[in-house]
Amino acid sequence: MELDLSPKLAKQVYGGDGGSYHAWCPGELPMLREGNIGAAKLALEKDGFALPRYSDSSKVAYVLQGAGVAGIILPESEEKVVAIKKGDAIALPFGVITWWYNKEDTELVVLFMGDTSKGHKAGQFTDFFLTGSNGIFTGFTNEFVKRAWDVDDDTAKALIGNQTGKGIVKLDANVKMPEPKVDHRKGMALNCEEAPLDTDIKDAGNVVVLNTKNLPLVSQVGLGADLVRLEGNAMCSPGFSCDSALQVTYIVRGSGRLQVVGVDGKRVLETIVKAGNLLIVPRFYVVSKIADPEGLSWFSIITTPNPMFTHLAGSIGAWKAISPEVLQAAFKVSAETEKVFRSKRTNDAIFFPPPK
């Protein structure tokens, strides 16, 4: 039975006045389970507060919209209070405790993608909340809470029962939350919209790659990531991950056409992708995209911290390295046709501008 590779939208899991949490289901997107990949979105309204939690999976977070504050507590480390904004990528290793807060009028939306191979459910994140109606305090008896935290009976009851919200709550406007510290941001977040470009092709597109050099924490997460922005009607070269990694792609903005070719030269997917879609390209499958007139941007994670890709077209295309005689024999074409083929795309790498 062939896997359904078609892109999907996230569905709400829980929410209330403070915001909502959405996730992609392995039942609808089977490649999540096959690839042991989880994906979810957190949306916080003004004064929305995502209660402290930790997860069974390492993740990369990407801020899709708005600005806010993230509390990040790495194992055996002090809390980092980090100002976050649209375009920020944050690596979240195993064992990290996080909380998220939005004090602005604009909704704060954060995307999470990560590895669920060590999680409770393949293709799905399981979060463990420290407080709230489903927090760990509610599972322990008063006696255990009193003894563990050395508090009296009334304090134990307050710790267990006062916070009745689940996952996300709306705080009163006069509640004072920690202010972010500039030095806490260093090494914790990288803004992909402001970072130096790894590739920039005029009138075609650009890419910023997240790796162990510009965000060292990704080595603990075991994932790489990139933000790709295609100009209107531009094309991304057909290519594949050559180190057996999976590529999980979220469409951030715009729309475009996408084709994926798999085993035996079979086109396994041809579709239109739009903002909000998530899709996963199987290992070694070749994928290419053409942006619609308004352009196309996507954020991807790759299941290795320093990903490698082979591009099949362009100035760095694999065809350029193959001997002319081999190409003639392989394509069963004349020397003249081979020369025409090789002479094209000598200046464009990865991204190609629209035809003139």
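Residues numbered from 1 in each chain as written. Predicted model: local features only at pLDDT ≥ 70, side-chain atom pairs only at ≥ 80, totals over all residues. Heavy atoms only, no water.

S.K.: Can you break down the UniProt feature "domain: Cupin type-1" (unreviewed entry) in the protein residue by residue, with the values?
M.R.: UniProt's feature table lists "domain: Cupin type-1" (unreviewed entry) at residues 3–157 and 199–339, given in the numbering used throughout. Across residues 3–157, helical content stands at 12% and strand content at 45%; the span's end C-alpha atoms are separated by 50 Å. (UniProt positions renumbered as here; feature names shortened; annotations may be inferred. Helix = DSSP H or I, 4+ residues; strand = E, 2+ residues; numbered from the N terminus.)

S.K.: Give me the lowdown on the state of the cysteines, citing residues and values where you can.
M.R.: With the rule as written, the count across this model stands at zero disulfides. Here Cys-192 stays unpaired: no disulfide links it, and the sulfur of Cys-236, its closest cysteine neighbor, is 16 Å away. By relative accessible area, Cys-192 is classed as buried at 0%. What makes Cys-236 buried here is its relative accessible area of 11%. (Disulfide = S-S within 2.5 Å. Buried < 20%, exposed > 50% of the residue type's maximum accessible area, 1.4 Å probe, protein only.)

S.K.: Account for the layout of surface pockets, with residues named and values stated.
M.R.: Space inside the largest pocket adds up to approximately 570 Å³. Along the walls of the largest pocket sit 33 residues, with Asp-226, Gln-247, Phe-309, His-311 and Ile-350 positioned nearest its centre. For the lining of the largest pocket, the secondary structure elements donating two or more residues are strand S15 (205–210), strand S16 (224–230), strand S17 (235–241), strand S21 (286–302) and strand S22 (309–311). Among the elements that make up the lining of the largest pocket, the one with the highest residue count is S17 (six residues). Around the second largest pocket, the lining comprises 18 residues; the ones closest to its centre are Val-13, Tyr-21, Ala-23, Gln-124 and Phe-125. (1 Å grid on protein atoms, 1.4 Å probe; cavity = no way out; pocket = protein on both sides within 12 Å on 5 of 7 lines; lining within 4 Å. Points joined across faces, edges and corners; volume = space filled by probe spheres on them.)

S.K.: Give me the pairing of strand S4 (residues 48–55): which residues, what numbers.
M.R.: As a general feature of sheets, a regular strand has side chains that alternate between the two faces. With seven of eight residues buried, S4 lies mostly within the body of the structure. Where S4 lies against strand S9 (residues 97–102), four bridges are found, and the strand directions are antiparallel. Bridge pairing in S9 links Gly-48 to Asn-102. Bridge count between S4 and strand S12 (residues 168–170): three bridges; the pairing is antiparallel. Across the sheet, the residue bridging to Phe-49 is Val-169, located in S12. With three bridges connecting them, S4 and strand S11 (residues 127–129) associate as antiparallel partners. Looking at the pairing, Tyr-54 lines up with Phe-128 of S11. (Pairing = 2+ DSSP bridges.)

S.K.: Let's hear about the side chain of Lys-8: which residues, and what values?
M.R.: The topology assignment puts Lys-8 in the segment before strand S1 (11–16). Those residues in contact with Lys-8 that sit more than four places away from it in its chain are Trp-24, Glu-28, Leu-29, Gly-276, Asn-277 and Leu-278. (Contact = heavy atoms within 4.5 Å.)

S.K.: Go over the environment of Ala-23, please, and point to the residues and values.
M.R.: Among the secondary structure elements, Ala-23 is positioned in strand S2 (residues 19–23). Considered as a pair, Ala-23 and Trp-319 are 296 residues apart in the sequence and their alpha carbons are 40 Å apart. Residues within four places of Ala-23 in sequence aside, it is in contact with Ala-10, Lys-11, Val-13, Ala-39 and Ala-40.

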